Amino acid sequence: MHQKKVLIMGGAGFIGTVLSPYLHDAGYDVTVADACWFGNYLPSHIKLIQTDLFDLKKEDLVPYDSIIFLAGLSNDPMAEFSPKSNFILNTALPSYIGFLAREAGVKKMIFASSCSVYGYTLNKTYTEEDPAICNYPYGVSKLQGERSLLALAEENFRVVCIRQGTVCGYSPRMRLDLAMNTMFKNAIQNHKITLSNHRIWRPILGLNDLCEGYKQAIEFDQEGGHIFNLSSFNTTVGELATSVIGFVKEKMNIDVAIEDQNVQDYRNYKVSTEKAKNLLHYNAKQNDLDIISELYNNLSSFSDFTDERFFNIQVFKKLVHDNPLLS
Ligand SMILES: NC(=O)c1ccc[n+]([C@@H]2O[C@H](COP(=O)([O-])OP(=O)(O)OC[C@H]3O[C@@H](n4cnc5c(N)ncnc54)[C@H](O)[C@@H]3O)[C@@H](O)[C@H]2O)c1
């Protein structure tokens, strides 16, 4: 049987460092292309091309059946620090790669989009058919990245945009600037979790559920362009904090307080994953305790909470300082 060749762009990041070996173990021939802004924590058996993606040429993409695009700026603070790079790397770059990939005969491109395209919603569970209205740089750039790729989709170039919830859990390339990961760190470090507003809704996506969703997206065989929401569960951040606090009390005997700043957030959404269930056969398995347990079981490998590589914005500010083109 033909072993599918998958190129994971941005695959040395938080998600890619878990997804790449997962797909390798599932039988795919995996290669990562990444500039390694945050270092390289991939297992040595994963092939790595260290490069800026803008330097890739059509010929470089010819060998691959599918491309997964996980690159670009991956959160609001980076996007707001440098809106120009944000739009270049989250909109122009995937659009350019999609163009090259189609020319190169790559059959499928999977784009890591975000549920943050939904913006501030009111008490409704959003499907992919509902309006995506946001006005902050990260959300707009992800939405435009989707649109440019969907415009390229055709019979022989399939596009799948995955609107991920906030991805949480443990990766060897660790991030502590993501909802649950941040709460877990703050509970242990400060014995306090600070929330902008406990009523805010977020979809949370465990890394294992994410990996399954991407595998199903590679195998999904409908022509054209498609969008899927992907999350493990919807929750308010208040409920999430309560789970973290209960866990940390039980396992570590630490008493943790909540500080609710009660300010307006610009993101508030819960999403439906029915379409992924029906078409990708996606079945979310992880709950809040699974993800917190995963963090707890790997704590020794990220317990130096002062290490700046766990916080994207800190590394990115230095990158921009050293490379004014990114500013
Ligand atoms: N982590 C989340 O909660 C989340 C949620 C929704 C969507 N997403 C999206 O998923 C993707 C992956 O997220 P992550 O948390 O793994 O991000 P990350 O910041 O950990 O990794 C991004 C990777 O992309 C690489 N990269 C960026 N620009 C590049 C370029 N021009 N050339 C080569 N490499 C480049 C970086 O070196 C880094 O390794 C991102 O596109 C992000 O927007 C993430």
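Each remark here, short or long, concerns the structure printed above.
Just so it is clear, the model here is predicted, and its values are computed rather than measured.

Q: How should I be thinking about the site of the ligand in this particular structure?
A: Taken together, 33 residues lie near the ligand, and Asp34, Ser74, Tyr138, Val167 and Arg175 sit nearest. Contact distances for the ligand include 3.5 Å between an oxygen atom and a backbone N or O atom of Cys36. At a separation of 2.7 Å, an oxygen atom of the ligand approaches a polar side-chain atom of Tyr138. In isolation the ligand has 830 Å² of accessible area, and contact with the protein removes 98% of it. Within the residue set of the shell around the ligand, elements represented by two or more residues are helix 4 (83-104), strand 5 (108-114), helix 5 (137-152) and strand 8 (166-168).

Q: So what exactly am I meant to see when it comes to the packing of helix 6 (residues 179-190) against helix 10 (residues 288-297) here?
A: In a packed pair of helices, the relevant descriptors are the angle between the two axes and the axis-to-axis distance. Remark: helix 6 packs on helix 10, axes separated minimally by 11 Å, with the N-to-C direction vectors making an angle of 55°. As the angle between them shows, helix 6 and helix 10 are arranged oblique. Taken as a pair, helix 6 and helix 10 cross one another with a handedness that is right-handed. Contacts from Met180, Asn181 and Phe184 of helix 6 reach helix 10 at Asp288, Ile291, Ile292, Leu295 and Tyr296. Looking at the contact of helix 6 with helix 10, its residues break down into 6 nonpolar, 1 polar and 1 charged.

Q: How should I be thinking about a nonpolar patch on the surface in this particular structure?
A: Residues Phe54, Ile88, Tyr96 and Phe99 make up a contiguous nonpolar surface patch of roughly 330 Å² in combined accessible area. Mapping Phe99 onto the fold places it in helix 4.

Q: Just checking my understanding: could you explain the sheet that holds strand 3 (residues 47-50) for this structure?
A: Hydrogen bonds along the backbone pair up the strands of a sheet, which may run parallel or antiparallel. Taken together, the 7 strands give an open sheet; going across it, the order is 3-2-1-4-5-7-11, and neighbouring strands pair in parallel fashion. For this open sheet the edge positions go to strand 3 and strand 11 (225-230), each flanked by a neighbour on one side alone. This sheet shows a mean twist of 20° between the axes of neighbouring strands, independent of strand direction. Relative to strand 3, strand 2 (residues 29-34) runs parallel, the two sharing 4 bridges. Bridge assignment links Val32 to a residue of strand 3, and that residue is Leu48.

Q: Mind showing me how you'd approach the packing of aromatic side chains here?
A: Aromatic rings in a pair are described by how distant their centres are and how their planes are angled relative to each other. Under the criterion given, the structure shown has 11 aromatic pairs. For the pair Trp37 and Phe38, a centre-to-centre distance of 6.2 Å together with 70° between the ring planes defines the contact as edge-to-face. For Trp37, a relative accessible area of 25% translates into the label partly exposed. A residue is classified by how much of its surface remains accessible, and Phe38, at 12% relative accessible area, is buried. A ring pair is formed by Phe184 and Phe302, whose centres lie 6.5 Å apart and whose planes are at 55°; its orientation type is tilted. Of this pair, Phe184 sits in helix 6 while Phe302 sits in the loop between helix 10 and helix 11 (312-322), and the two are 118 residues apart along the sequence. On the basis of relative accessibility, which here comes to 0%, the residue Phe184 falls in the buried class. Among the aromatic side chains, those forming a connected cluster through ring pairs are Trp37, Phe38, Phe81 and Phe316. The ring of Tyr126 has Lys124 lying over it, and the distance from NZ or CZ to the ring centre is 5.2 Å.

Q: Looking at this structure, I do not really get the sheet that holds strand 10 (residues 201-206). What am I missing?
A: The sheet built from 3 strands is open, its strands ordered 8-10-12 with mixed pairing. Unpaired on one side and paired on the other, strand 8 and strand 12 (233-236) mark the two borders of the sheet. For this sheet the average axis-to-axis angle between neighbouring strands, irrespective of direction, equals 45°. Pairing of strand 8 with strand 10 involves 3 bridges; the strand directions are parallel.

About the criteria used
Residues numbered from 1 in each chain as written. Predicted model: local features only at pLDDT ≥ 70, side-chain atom pairs only at ≥ 80, totals over all residues. Heavy atoms only, no water. Near = heavy atom within 4 Å. Polar contact = N/O pair within 3.5 Å; in protein donor to acceptor, adjacent residues only side chain to side chain. Areas by Shrake-Rupley, 256 points an atom, 1.4 Å probe, with all protein chains shown as cover. Helix = DSSP H or I, 4+ residues; strand = E, 2+ residues; numbered from the N terminus. Axes fitted to C-alpha atoms, helices over the stretch in contact; angles between N-to-C directions. Parallel < 35°, antiparallel > 145°, perpendicular 65-115°, else oblique. Left-handed = near helix turned anticlockwise from the far one by under 90°. Contact = heavy atoms within 4.5 Å. Nonpolar A, V, L, I, M, F, W, Y, C, P; charged D, E, K, R; others polar. Patch = residues over 30% accessible without salt bridge, like charges linked within 9 Å, V, L, I, M, F, W, Y side chains within 5 Å. Salt bridge = Lys/Arg side-chain N within 4 Å of Asp/Glu carboxyl O. Pairing = 2+ DSSP bridges. Phe/Tyr/Trp six-rings, centres within 6.5 Å; stacked < 30°, edge-to-face > 60°. Buried < 20%, exposed > 50% of the residue type's maximum accessible area, 1.4 Å probe, protein only. Lys NZ or Arg CZ within 6 Å of the ring centre and 35° of its normal.

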